[in-house]
Amino acid sequence: MILPRFKYHEPGNLEEACEILADLNEEAGLLAGGTDLLVNMKKKIVSPENVLSLGRIGELKGIGTANGHMSIGSCVTAADMAESPELKHDFMAVSMGAARLGSPLIRHLATVGGNLVTARPAADLPPSLIAYSAKVILKKKGEERTLAIEDFFKGPGQTVIEPDEIAEKILLEIPPPYSGSGYIKLGKRKTLEICVVNVAAFISLESPDGPIRNARVILGAVAPVPLRARNAEKVLIGHKAGEKLFEKAGDAAAKESKPIDDFKGSARYRKDMVAVLTKRALDMAFDEAKAREWRRWQ
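Residues numbered from 1 in each chain as written. Predicted model: local features only at pLDDT ≥ 70, side-chain atom pairs only at ≥ 80, totals over all residues. Heavy atoms only, no water.

A look at the overall build of the chain
For step 1, the next point in the chain: Helix and strand content of the chain: 11 helices and 14 strands.
For step 2, the next point in the chain: Taken against the 2.2 N^0.38 rule, which gives 19 Å for 298 residues, the C-alpha radius of gyration of the chain at 19 Å falls within 12% of a compact globule.
For step 3, the next point in the chain: Each principal axis of the C-alpha atoms in the chain carries an extent, and together these give about 60 × 45 × 30 Å.
For step 4, the next point in the chain: Burial analysis of the chain (298 residues in total) assigns 50% to the buried set.
For step 5, the next point in the chain: Counting every atom, the chain has about 14,400 Å² of accessible surface; 52% of that belongs to carbon and sulfur.
For step 6, the next point in the chain: Measuring between centres, the 42 positive side-chain charges of the chain sit 6 Å from its 39 negative side-chain charges. (Helix = DSSP H or I, 4+ residues; strand = E, 2+ residues; numbered from the N terminus. Rg over C-alpha atoms; globule rule 2.2 N^0.38 Å. Buried < 20%, exposed > 50% of the residue type's maximum accessible area, 1.4 Å probe, protein only. Areas by Shrake-Rupley, 256 points an atom, 1.4 Å probe, with all protein chains shown as cover. Lys, Arg positive; Asp, Glu negative; His and termini not counted. Charge placed at Lys NZ, Arg CZ, Asp CG, Glu CD.)

What to know about the side chain of K279
For step 1, the next point in the chain: Mapped onto the elements of the fold, K279 is located in helix α11 (residues 267–296).
For step 2, the next point in the chain: Beyond its immediate sequence surroundings of up to four residues, K279 is in contact with E243, F246 and E247. (Contact = heavy atoms within 4.5 Å.)

Some remarks on the pattern of salt bridges
Pairing is possible between side chains of opposite charge, provided their charged atoms come close.
For step 1, the next point in the chain: Inspection of every chain in the model, using the stated rule, returns 14 salt bridges.
For step 2, the next point in the chain: Salt-bridge contacts for D272 lead to R268; the nearest nitrogen and oxygen are separated by 3.9 Å. Linking D272 with R268, this pair stays in helix α11, spanning 4 residues, or about one helical turn.
For step 3, the next point in the chain: We classify D272 as partly exposed; its relative accessible area is 38%.
For step 4, the next point in the chain: Classification of R268 by relative accessible area gives exposed; the value is 62%.
For step 5, the next point in the chain: Where D283 meets K279, a salt bridge forms, and the shortest distance between an N and an O atom there is 2.9 Å. Remark: K279 and D283 occur in helix α11; sequence separation between them is 4 residues, near one turn of the helix.
For step 6, the next point in the chain: Residue D283 is classed as partly exposed on the basis of its relative accessible area of 25%.
For step 7, the next point in the chain: Residue classification places K279 among the buried positions, given a relative accessible area of 18%. (Salt bridge = Lys/Arg side-chain N within 4 Å of Asp/Glu carboxyl O.)

Everything listed here is a matter of coordinates, which is why it stays silent on function.
Here it is, written out as structure tokens:
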């Protein structure tokens, strides 16, 4: 398979990239890692007349912390996220999601921005980012807007991003003490999994032995967009963490899920797995919440 003909643009900074998009006055293919765009172009699924490379834009490539927030540039690769000590320390579920994305080769190419804008229902990074209430900054010529990632998706392959906008970076608020997260993914095989269900969970406690103050449970691959299991969260908030509570939350999440039958598994099987994986993700989150409190005093 060969690529169709197109005009290639390679801006050196974000301002120049936004100016090019504004001047084109038409939808262009944005090239970051290329793991989706180039494949789809070769398959003739998409055929943009213009391709704009983001590879030389340094503003899109850093991970940093300031003013109580961590920022992740949209062109940071999944491999860099998985290996980042800062993400492992404060955003374990995000690090875990990045580590489970594709193969080592794909992880060194695929970017967080690409994983979001392709809007695949079974993508690895959206559930854990939403679990942390992450936001994305969208930039265009002369303007920018900040949007909760929870509100970013419209359907499979569809987001609210405009043709002249570029996802600049992801913002994550540093979590409070006594908090933790977990991410777990069920696939059809051990490597390069075809995701059947994935779940991310976040909890924060009132105190080391106190009830759950805040909770988020996010389900992937069981709805057209990442699904926030709000009834499961209601089950958790105000109660002390434990096995029976997590099982009850898992059952609530399963009832909220909206899976379909396909070659990866039946809807009934996926609902059953939502219950199991939600409990496991909450177990991980609770274990980390206790570990974060221990590290806090070191």
